[in-house]
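Summary of the model geometry
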Amino acid sequence: MITKLEELITAVKGRPKKRIVVAYAQDAHTIEAVNAAVDMGIVDATLVGDPEEIQRVCMALEINPAKFTLVAGGSDVACVSLAVKMVNDGEADVLMKGLLSTDKYMRGILNKEYGLLPPKGVLSHVAVLELPMYHKLLLVSDVAVIPYPDMNQKIRIAKYLIGTSRTLGIRAPKLAVIAPSEQMLPGIQSSVDAAILAKMGDRGQLGDALVDGPLAVDVALVREAAETKRLTSSVAGDADCLLFPNLDAANAFFKAATKLCGARLAGMVVGTRCPCVLTSRGDSPESKLYSIALAALSAD
């Protein structure tokens, strides 16, 4: 079982290399991360963007651009279109966002003619956090894609969290469905949805996982809080996954964890025809490298 983000790299190193294509790739952090992944034997990389600018960034970083395949792509939107087409044509196994906004990246993925969304598919985002004060990796969703998921979307998000947990070697992940309180409050929709998901988990409808909700964040993550509240739960205080009621709550938790609590991270879009690395343009090369490793591991 993978318990640290650096173990993602160890886990994927011994496997056949994946082919990654990076859309609008001319930023230093992305090139630095992709270069490290290439040097580690995790991926072969194609960088789509302005070849002259990519070469300039490589030279500034003292990286040999000859280790990448460079493809001229024009504007940021055109680069995403070309990169997505390469995935659909079987020329790449993993897509990655470079120096462009998330909305443009997602529009390329969702394009009705050539995008990466299967028929009737649901896209989501899974983030894997390594928090200094938590005893194992924590999977969180959805921090970036679905603003206000309905019940059907929450079911898919739960399955994505469980599936990604299995990629990390967690056989029966503990999934906490988050609401403002661990009390069942019929007037709060997130509480009702959490109770339904927990019952579905009890009946095996979400797969081999332990699912409980509604749970507040404190009881989901802190055993002492659950014990103080005399809460009987197989998930409380030991959650592997947090399913948040909406993007507002999930993104706030994610930003607090990474910016205030020193969490390291990996993140990707799931529900697509291939794993799609999605990190912020300001994320560190380390976070981008971990995300590449997670996507490569998930592409098997």
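Residues numbered from 1 in each chain as written. Predicted model: local features only at pLDDT ≥ 70, side-chain atom pairs only at ≥ 80, totals over all residues. Heavy atoms only, no water.

Turning our attention to the pattern of salt bridges. Summed over all chains, the structure comprises 15 salt bridges. The partner of Lys17 in a salt bridge is Asp44, with the nearest N and O atoms 3.1 Å apart. Taken together, the positions of Lys17 in the loop between α1 (6-13) and β1 (18-23) and Asp44 in strand β2 (residues 43-49) put the pair 27 residues apart, joining distant regions of the chain. Residue classification places Lys17 among the partly exposed residues on the basis of a relative accessible area of 43%. Taking the shortest distance from any N to any O, the salt bridge between Glu286 and Arg264 comes out at 2.9 Å. Placement of Glu286 in helix α11 (residues 285-298) and of Arg264 in strand β10 (residues 264-270) is noted, with a sequence separation of 22 residues between them. Residue Glu286 is classed as partly exposed on the basis of its relative accessible area of 34%. Since its relative accessible area comes to 23%, Arg264 is described here as partly exposed. Linked through salt bridges whose partners overlap, the residues forming this network are Lys136, Lys174, Asp238 and Asp240. (Salt bridge = Lys/Arg side-chain N within 4 Å of Asp/Glu carboxyl O. Helix = DSSP H or I, 4+ residues; strand = E, 2+ residues; numbered from the N terminus. Buried < 20%, exposed > 50% of the residue type's maximum accessible area, 1.4 Å probe, protein only.)

With that settled, the discussion passes to the side chain of Glu182. Its place among the elements puts Glu182 in the loop between β7 (174-178) and α7 (189-202). Side chain to side chain, Glu182 and Lys229 meet in a polar contact 3.4 Å long. Excluding residues that lie within four positions of it along the chain, Glu182 makes contacts with Pro214, Leu215, Ala216, Val219, Lys229 and Leu231. (Polar contact = N/O pair within 3.5 Å; in protein donor to acceptor, adjacent residues only side chain to side chain. Contact = heavy atoms within 4.5 Å.)

All right, on to the environment of Leu168 then. Take Leu168: it is sitting in the loop between α6 (151-167) and β7. C-alpha of Leu168 to C-alpha of Gly98: the two residues are 70 residues apart in sequence and 25 Å apart in space. Ignoring sequence-local partners within four residues, the contact set of Leu168 consists of Met1, Ile2, Leu8, Val128, Leu137, Leu139 and Leu294.

What follows concerns unusual backbone geometry. Excluding glycine, most residues fall at negative phi; most peptide bonds, likewise, are trans. That bond from Ser141 to Asp142 is cis: its omega, 0°, falls within 30 degrees of zero. Among the secondary structure elements, Asp142 is positioned in the loop between β6 (138-141) and α6. Its identity as a non-glycine residue notwithstanding, Glu62 has a phi of 60°, on the positive side. What makes Glu62 exposed here is its relative accessible area of 76%. With phi around 60°, Lys120 is a residue other than glycine that occupies positive phi space. With a relative accessible area of 82%, Lys120 lands in the exposed category.

Moving on to the pairing of β7. Of all five residues making up β7, four are buried, and the element is well covered by its neighbours. For β7 and strand β8 (residues 210-215), the ladder comprises four bridges, and the chain directions are parallel. Bridge assignment links Ala176 to a residue of β8, and that residue is Asp212. Following the chain from β7 across α7 to the adjacent parallel β8, one finds a crossover that is right-handed. (Pairing = 2+ DSSP bridges. Right-handed = clockwise from strand over helix to strand, strands pointing away.)

The quantities given are spatial measurements derived from coordinates; they are silent on function.
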